[in-house]
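Observations on the model geometry
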Amino acid sequence: MTKKAIIVESPTKTRTLGRFLGDEYKLLASRGHVRDLPKEGIAVDIEHGFAPDYVTIPSQQKTIRELKKALKGIDEVYLATDPDREGEAIAWHLVEALGLENVKRIEFNEITKDAVLRALENPGTIDMDRVNAQQARRILDRLVGYKLSPVLWSRIGSRGKKGALSAGRVQSAALRLICDREREITAFVPEEYWSIDVLLSADGKEKQFKAELKAKGDQEFELKTEAEVLPIVEELRQTQYVVEAISEKRTRRSPYPPFRTSTLQRVAAGKLRFSARKTMRVAQALYEGVEIDEGTVGLITYMRTDSTRVSAEAQNQAHQLIADQFGQDYIGKGATGKPRKGVQDAHEAIRPTDVSRTPEQMRPFLSPDEAALYELIWRQFVASQMAPAVYDEIGVDIAAGDYRLRAGGTVLHFPGYLAVQPQERDETEAQILRELAEGQSLELLDVIPEQHFTKPPPRYTEASLVRELEENGIGRPSTYAPTIETLRQRKYVRMQQRTFLPTVLGLVVNDYLVANFGDIVAIEFTAGVEEQLDTVQAGTLQWQKLLEQFYEVFEAKVQAAAEAEARVLEGEQCPECGGKLLVRYFPNGEFAGCENYPDCDYSLDLLAGLVPEKEVEEVGRECPECGKPLVYRFGRRGSKFIGCTGYPECEHTEAVGPDGEPVPSAQQTGMKCEQCDGNMVVRQSRRGSFLGCSNFPKCRNTKPIEALEQGDEAKATVQPAAEKSTDAKSEAEQTGDAQELDLKCDKCGAPMVIKTGRRGPFVACSAYPKCKNTKPMSAAYETGHKRPEAEELDEACPDCGKPLAVRSGRHGKFIGCSGFPKCRYTRNLEDAGDQSE
């Protein structure tokens with residue numbers, strides 16, 4: 001019998017497929033991408049057709065070895081990676097990395113038995129046009145990132161490896177949207193206007209309703225000031241009110257189409273308060289498979305799609321369910337929405353794989369987040385296949401002397417799709433209006449003038465930003481969530497009441513890019529690139545040609561920006577000496593300084609009034625220098641610190657650690673610095689306590705804290721960097737008391753112990769340096785060693801709302817969600833409490 005294997009991306013999918021494929025196929029998982037451009041270097045041969053230098057991702061080397069071993073003796077290999085550009089590229093990289101020949105490519109939009117068996121019956125080959133479109137996007141983004149980022153470092157400044165400035169084709173366009181919106185809000189001047197409502201009664205105070213003043217005679221009102229309003233209010237108080245005309249018409253409201261990626265992210269943000277990242281993570285779990293009473297099944301179709309198309313089979317299933325539960329009158333034609341430009345339509349809309357699996361039936365098998373998102377998807381799909389809701393719309397025209405007023409309301413006549421998407425409604429006033437008769441006199445209860453002001457455009461939420469990205473053709477369904485997360489990680493934006501605010505750093509980076517690479521970060525350019533990638537996928541444009549056309553112009557701009565002199569601020573001159581003002585960029589601000597500096601030190605803050613202040617939080621104690629209250633403040637880069645309310649007269653500040661608590665002040669030790677004769681003091685950093693010279697930053701001598709415990713200065717002196725061992729677990733890292741474990745070294749048999757290195761605790765052989773065997777801390781926990789308790793932070797997880805906590809991992813401390821393992825949100829631990837602060 002022929003031996004066959006299917007390779008998918010996720011181990012979860014293998015369990016789902018195994019439920020209905022049995023033993024005929026060996027099911028393997030690639031665990032995502034196996035090859036990529038290396039992190040270091042540009043890795044693109046620009047001179048030879050932009051040839052990429054792919055390497056096996058270090059963390060995937062073990063996966064490649066395991067796959068090669070598992071495929072020995074296999075006759076037929078089916079690649080069943082995701083049905084999109086990234087999935088196609090993963091399939092091609094698997095062929096290259098594993099040296100496969102005559103492989104078969106299969107795709108399925110949903111992980112169900114029928115869909116998978118149909119795919120196996122009709123296998124194809126790898127679509128190289130789709131692969132080339134992904135390659136072009138990857139290389140283009142690498143060129144933009146690796147060419148622009150060094151320019152940012154040299155012109156604005158670098159914040160170290162973890163906080164390095166970066167630019168990207170999609171992320172910079174998204175940042176521009178946020179920054180432009182903030183400037184619109186700052187420049188907005190509100191305008192006053194007024195409205196007048198009257199409270200009327202048809203038959204006693206129990207049957208009252210409101211009517212809005214519309215006109216006087218044939219002239220409609222535009223009331224701008226209170227002075228215009230007050231005389232009208234007095235006249236309305238003295239006049240009689242009569243029903244002049246009543247109109248009633250029937251209207252229909254159609255359901256929305258089933259979800260595509262962007263609309264799912266938007267609705268989940270609004271109704272479930274999910275971030276885009278969380279929405280995609282939960283949807284991925286529902287797609288790959290969930291253990292229910294039938295076994296492991298995929299509950300929804302592929303969640304990265306720009307289409308609202310639905311298969312005839314799925315539509316028929318929905319119609320049958322609707323007829324059974326609500327009746328034939330509730331079956332609709334199927335909502336698809338308005339045609340949109342640039343839709344690839346490669347996959348169906350996001351829908352349940354089996355509509356008979358209702359949210360109520362699935363809830364016991366799902367986590368709360370999974371259950372909530374599945375119900376959202378299920379109801380949206382079923383509603384999209386139902387009949388429109390029908391309303392009776394009632395309008396009443398009321399005469400009050402020369403004044404004309406209007407009252408209106410709607411009464412639900414037929415619920416249609418609202419049967420599965422109910423909405424709260426109050427039809428009390430509408431029913432009162434329906435009972436009125438023409439010529440009927442009405443009793444005046446009150447006249448209600450109200451002042452209003454025009455409002456600026458709102459800041460972007462995750463939902464509205466995703467909508468804007470989609471409408472402008474920026475990115476694709478798979479890139480929305482990663483783009484938003486990148487902006488957060490780079491600290492270009494921060495969240496306030498679930499809306500995006502650009503940080504000072506974000507504004508500086510955006511302003512520099514717009515000034516020097518305006519067309520590269522332009523919305524139109526980014527959208528145009530997406531269209532060109534579509535033409536590559538369609539096979540009508542060579543990917544190398546696309547890159548060649550882009551790079552010729554782009555490289556010239558990079559060179560010009562790298563060599564450019566400071567830009568002159570047009571239309572302005574120094575008010576002190578008349579010189580030109582030159583624009584300067586820094587991570588903590590943007591200003592125009594006089595060209596005659598240092599003879600003239602005038603400067604103009606170009607971001608003044610643009611960045612809202614964060615709310616002040618009191619520390620609860622007084623300043624040790626002046627006695628005024630201390631408060632928590634935020635630096636220009638978003639870092640938190642403690643400052644005195646007496647600033648600028650008092651400049652006392654204190655650093656704040658990653659746990660949100662004040663970092664203890666330096667403690668005297670009685671030890672002398674052998675380099676400058678200063679005092680060695682105990683300081684705190686993100687890696688713990690250490691000894692540092694009190695004359696920092698003039699003297700940067702440091703020692704490990706163990707020098708204090710051992711009282712031996714000679715042994716404690718830190719080696720020069722050039723003399724340190726390059727061994728990842730060198731002797732310098734293994735200082736401190738070693739705690740022996742009930743575990744033997746699998747290389748030499750000596751006891752294993754817990755030691756502490758520059759990345760935190762780890763398990764090492766007690767026979768070091770003769771034996772250099774090491775293991776992660778998980779080996780200690782398996783022997784019963786107690787895990788460290790997480791330090792909760794005063795910050796909510798952006799994915800689930802639970803408190804974030806400082807945790808320890810194999811690479812040191814990091815910030816993770818206290819809701820782990822249900823919520824897997826993590827990010828790097830921010831630098832805090834260093835000597836430089």
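Residues numbered from 1 in each chain as written. Predicted model: local features only at pLDDT ≥ 70, side-chain atom pairs only at ≥ 80, totals over all residues. Heavy atoms only, no water.

A count of helices and strands for the protein gives 21 helices and 39 strands. In the protein, which comprises 837 residues, the proportion classed as buried is 46%. Working note: accessible area of the protein is about 43,000 Å², and carbon and sulfur atoms make up 46% of it. (Helix = DSSP H or I, 4+ residues; strand = E, 2+ residues; numbered from the N terminus. Buried < 20%, exposed > 50% of the residue type's maximum accessible area, 1.4 Å probe, protein only. Areas by Shrake-Rupley, 256 points an atom, 1.4 Å probe, with all protein chains shown as cover.)

Attention now goes to the nonpolar core. Within soluble globular proteins, side chains that are nonpolar tend to cluster in buried spots. Counting 148 residues, the largest nonpolar core has Ile300 and Leu373 as the members making the most contacts within it. Per element, the largest residue contribution to this core is 10 residues, and it comes from helix α5 (residues 128-155). In terms of nonpolar packing, the next biggest core, distinct from the first, is built from 29 residues, Ile196, Ala202, Leu405 and Val411 among them. (Core = buried A, V, L, I, M, F, W, Y, C linked by side-chain atoms within 4.5 Å.)

Looking now at the sheet that holds strand β7 (residues 76-79). Adjacent strands of a sheet form backbone hydrogen bonds with each other and so pair up, either parallel or antiparallel. Strand order across the open sheet formed by four strands is β2-β1-β7-β8, with parallel pairing between neighbours. Because the sheet does not close on itself, it has two edges, and the strands there are β2 (25-29) and β8 (104-105). As paired elements, strand β1 (residues 4-8) and β2 share five bridges and run parallel to each other. By the bridge assignment, Val8 is partnered in β2 with Ala29. Where helix α1 (residues 11-21) meets the sheet, its contacts fall on β1 and β2, and the angle it forms with β2 comes to roughly 165°. (Pairing = 2+ DSSP bridges. Contact = heavy atoms within 4.5 Å. Axes fitted to C-alpha atoms, helices over the stretch in contact; angles between N-to-C directions.)

By secondary structure assignment, the location of Phe500 is in strand β19 (residues 499-502). A residue is classified by how much of its surface remains accessible, and Phe500, at 1% relative accessible area, is buried. Along the sequence, Phe500 and Tyr460 sit 40 residues apart, while their C-alpha atoms lie 5.6 Å from each other. Those residues in contact with Phe500, other than ones at most four positions away along the chain, are Ile178, Glu182, Arg459, Tyr460, Thr461, Glu462, Leu465, Ile484, Arg488, Val493, Arg494 and Met495.

With that settled, consider α5. End to end, α5 covers 40 Å across 28 residues, agreeing with the expected 40 Å (1.5 Å per residue, within 8%). For α5, the capping residue at the N-terminal end is Asp127, with a side-chain oxygen 3.1 Å from the backbone nitrogen of Asp129. Among the residues trailing α5, Gly157 stands out with phi positive, at a value near 130°. (Expected span 1.5 Å × (residues − 1). Polar contact = N/O pair within 3.5 Å; in protein donor to acceptor, adjacent residues only side chain to side chain.)

What follows deals with the side chain of Gln135. The residue Gln135 is located in helix α5 in this model. The residues contacting Gln135, other than those within four sequence positions of it, are Pro52, Tyr54, Trp92 and Trp543.

Now for the packing of α5 against helix α18 (residues 543-563). Two numbers describe how α5 lies on α18: the axes approach to 11 Å, and their chain directions differ by 0°. With respect to each other, α5 and α18 are oriented roughly parallel. Facing Asn132, Gln135, Ala136, Ile139, Leu140, Leu143, Val144, Lys147, Leu148, Val151 and Arg155 of α5, the residues of α18 in contact are Trp543, Leu547, Phe550, Tyr551, Phe554, Glu555, Val558, Ala561, Ala562 and Glu563. Classifying every residue of the contact of α5 with α18 gives 15 nonpolar, two polar and four charged. (Parallel < 35°, antiparallel > 145°, perpendicular 65-115°, else oblique. Nonpolar A, V, L, I, M, F, W, Y, C, P; charged D, E, K, R; others polar.)

Moving on to the packing of aromatic side chains. Counted according to the given criterion, the structure contains 11 aromatic pairs. On the numbers, 6.1 Å between centres and 75° between planes, the contact of Tyr54 with Trp92 is edge-to-face. Within this pair, whereas Tyr54 is found in the loop between β5 (51-52) and β6 (55-56), its partner Trp92 is found in helix α3 (residues 85-98), the two being separated by 38 residues in sequence. Of the residues examined, Tyr54 reaches a relative accessible area of 13% and is grouped as buried. An aromatic cluster is built from Phe326, Tyr330 and Phe414, whose rings are joined through pairwise contacts. One Lys or Arg, Arg35, reaches over the ring of Trp92 and ends 5.6 Å from the middle of that ring. (Phe/Tyr/Trp six-rings, centres within 6.5 Å; stacked < 30°, edge-to-face > 60°. Lys NZ or Arg CZ within 6 Å of the ring centre and 35° of its normal.)

With that settled, the discussion passes to the environment of Ala283. Tracing the chain through its elements places Ala283 in helix α9 (residues 276-288). As for Ala283 and Tyr302, which are separated by 19 residues in sequence, their C-alpha atoms are 8.7 Å apart. Once residues within four sequence positions are removed from consideration, Ala283 is found in contact with Leu264, Ile300, Met303 and Leu373.

Cis rather than trans, the peptide bond between Tyr597 and Pro598 has omega equal to 10°. Residue Pro648 is reached from Tyr647 by a cis peptide bond, and omega for that bond is 10°. In this fold, Pro648 is placed in the loop between β26 (640-644) and β27 (653-655). Even without being a glycine, Ala43 presents a positive backbone phi close to 60°. Mapped onto the fold, Ala43 is located in the loop between β3 (35-36) and β4 (44-45). Ala43 sits in the buried class, given a relative accessible area of 14%. The phi torsion at Gln497 lies on the positive side, around 50°, for a residue other than glycine. As for its placement among the helices and strands, Gln497 is situated in the loop between β18 (493-496) and β19. With relative accessibility at 73%, the residue Gln497 sits in the exposed group.

A separate point is the packing of α5 against helix α17 (residues 523-537). Two numbers describe how α5 lies on α17: the axes approach to 7 Å, and their chain directions differ by 150°. Here α17 runs roughly antiparallel to α5, going by the angle between their axes. Viewed along their axes, α5 and α17 form a crossing whose handedness is right-handed. Between α5 and α17, the contacting residues are Asp129, Arg130, Asn132, Ala133, Ala136, Arg137 and Leu140 on the first element and Val529, Leu533, Val536 and Gln537 on the second. The residue inventory of the contact of α5 with α17, partitioned by class, reads six nonpolar, two polar and three charged. (Left-handed = near helix turned anticlockwise from the far one by under 90°.)

As a further point, take the confidence of the model for the protein. Averaged over all residues, the pLDDT of the protein is 85; the fraction at 70 or higher stands at 88%. Throughout residues 830-837 the model reports pLDDT below 50, and contacts reaching past four residues in sequence, or to other chains, amount to 24 contacts. (pLDDT = per-residue confidence, 0-100.)

Let us look at the sheet that holds strand β21 (residues 580-586). Overall, antiparallel pairing links the four strands, which are arranged β20-β21-β22-β23 in an open sheet. Edge positions in the open sheet fall to β20 (568-573) and β23 (603-605), since each of these has one partner strand only. Ignoring which end each strand starts from, the neighbouring axes of this sheet average 35° apart. Relative to β23, strand β22 (residues 589-594) is paired through three bridges, and the arrangement is antiparallel. By the bridge assignment for β23, Gly593 is matched with Ser603.

Glancing now at helix α15 (residues 480-489). Helical geometry note: an α-helix holds 3.6 residues per turn, so side chains three or four residues apart project in the same direction. Burial runs high along α15: seven of the 10 residues are buried. Looking only at α15, the buried set comprises Tyr480, Ala481, Thr483, Ile484, Glu485, Leu487 and Arg488. Contacts made by the buried residues of α15 are with α6 (169-187), α8 (261-272), α9, α14 (462-471), β18 and β19. One or two steps after α15, the chain reaches Lys491, where phi turns positive at roughly 60°.

Turning next to the pairing of β1. Regular strands have side chains that alternate between both faces of the sheet. Within β1, five of the five residues are buried, which leaves the element mostly enclosed by the surrounding structure. Of the two faces of β1, both are covered, the one formed by Lys4, Ile6 and Val8 as well as the one formed by Ala5 and Ile7. One ladder, built from four bridges, connects β1 with β7; its direction is parallel. When the bridges of β7 are listed, Lys4 appears paired with Glu76. Handedness of the crossover joining β1 and β2 through α1: right-handed. (Right-handed = clockwise from strand over helix to strand, strands pointing away.)

What follows deals with the side chain of Arg137. Its location among the elements puts Arg137 in helix α5. Setting aside anything within four residues of it in sequence, one finds Arg137 in contact with Glu86, Arg169 and Leu533.

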